[in-house]
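# Geometric and topological summary
If you want the building blocks of each chain, they are given just below.
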Amino acid sequence: MAHGGRRVTGLPLAILISGRGSNMEALIAACAEPDFPAKIAVVISNRPDAAGLGRAEAAGIPVRVIDHTGFDDRESFEAELDEAIRTSGAELVCLAGFMRLLTADFVNGWRNRLVNIHPSLLPAFKGLHTHDRAIEAGVRITGCTVHFVRPEMDDGPVIIQAAVPVLPGDTADELAARVLEQEHRIYPEAVRLIALGKVRVRGKGVQIDDDAPAEGALVNPSVP
Ligand code: GAR
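Residues numbered from 1 in each chain as written. Predicted model: local features only at pLDDT ≥ 70, side-chain atom pairs only at ≥ 80, totals over all residues. Heavy atoms only, no water.

Structurally, Arg200 is set in strand β10 (residues 199–202). Assessed through its relative accessible area of 32%, Arg200 is described here as partly exposed. When the C-alpha atoms of Arg200 and Glu189 are compared, they prove to be 15 Å apart, with eleven residues separating the residues in sequence. In this structure, Arg200 is in contact with Gly205, Val206, Gln207 and Asp209, ignoring residues within four places of it in sequence. (Helix = DSSP H or I, 4+ residues; strand = E, 2+ residues; numbered from the N terminus. Buried < 20%, exposed > 50% of the residue type's maximum accessible area, 1.4 Å probe, protein only. Contact = heavy atoms within 4.5 Å.)

As a working rule, side chains carrying opposite charge can pair if their charged atoms are close by. A full pass over the atoms with the stated rule returns nine salt bridges. Put simply, Asp82 and Arg86 hold a salt bridge, and the shortest N to O gap is 2.8 Å. With Asp82 and Arg86 both in helix α3 (residues 74–88), this residue pair falls four residues apart, about one helical turn. You can call Arg86 partly exposed: its relative accessible area is 43%. Across the salt bridge formed by Asp155 and Lys126, the nearest N and O atoms sit 3.9 Å from each other. Of this pair, Asp155 sits in the loop between β8 (141–148) and β9 (158–165) while Lys126 sits in the loop between β7 (114–118) and α5 (130–137), placing them 29 residues apart in sequence. For Lys126, a relative accessible area of 26% puts it in the partly exposed group. (Salt bridge = Lys/Arg side-chain N within 4 Å of Asp/Glu carboxyl O.)

In this section: the site of the ligand. Looking at the ligand, the residues that line it are Arg20, Gly21, Ser22, Asn23, Gly97, Met99, Ile117, His118, Pro119, Asp154, Leu180 and Glu183. Here a nitrogen atom of the ligand and a side-chain polar atom of His118 are 3.2 Å apart. A total of 450 Å² of accessible area belongs to the ligand in isolation, and the protein chains cover 86% of it. At the level of secondary structure, the elements contributing two or more residues to the shell around the ligand comprise α1 (22–31), β7 and α6 (172–195). For the shell around the ligand, the per-class residue count stands at four nonpolar, five polar and three charged. (Near = heavy atom within 4 Å. Polar contact = N/O pair within 3.5 Å; in protein donor to acceptor, adjacent residues only side chain to side chain. Areas by Shrake-Rupley, 256 points an atom, 1.4 Å probe, with all protein chains shown as cover. Nonpolar A, V, L, I, M, F, W, Y, C, P; charged D, E, K, R; others polar.)

Attention now goes to unusual backbone geometry. Of note, the bond from Leu122 into Pro123 is cis; its omega dihedral lies within 30 degrees of zero at 10°. In this structure, Pro221 follows Asn220 across a cis peptide bond, with omega equal to 0°. Phi at His129 takes a positive value of approximately 55°, unusual for a residue other than glycine. Tracing the backbone shows His129 in the loop between β7 and α5. The exposure class assigned to His129 is exposed, which follows from its relative accessible area of 57%. Of note in this structure, Asp154 is not a glycine but carries a positive phi near 55°. By the secondary structure assignment, Asp154 is in the loop between β8 and β9. Asp154 gets classed as buried once you look at its relative accessible area, which sits at 14%.

Below, the structure is given as structure tokens:
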């Protein structure tokens, strides 16, 4: 099954990055597990200087750079992106810190086969600087979301969320680190559920077969 340390069976993924690639690394680690039902077909970055590219290469994964600055418009950039994904054989596209907005045409072309991770409990704090804004807003609990992508930014059926407390005196960096730990847990789990065919889009949400909902509640500050 495994070949040269990489799985050769399972749902083929294209992972799109723009930077550090720690969520990509979490997916690479998951795909290296013998029973994980997905494998990575390609990692694509829109930035030649993305640190994640070297990490993917070190893991023996095919990488592509499609530098958006080399294209006249969004459509021609996305045509190249689409071609690279299709050529790789990927059947699920995972945005992992991919910081380009995608057009409705591209998103609709991958409907329910395109997922994203966002560092907030959507629909709260769409967009950038989520942790600064959560602290500024004074919320006690924030978190992260894996969702199917829809044309509107940071919108689409939620697959998994993790809730993370905002602690007194948190800086945005401290909060980001605490949320990131949970991102690395829920992204592989969302991909696993999709790859097993357990996730069905139902209206604005999803239905998950064999769902094991977390019981109780995360309350912050805690209540005795
Ligand atoms: C992650 O926190 C991810 O949730 C966020 O960018 C970071 C990428 O880190 N994505 C977004 O804000 C998308 N709207 P990584 O490159 O180490 O995975």
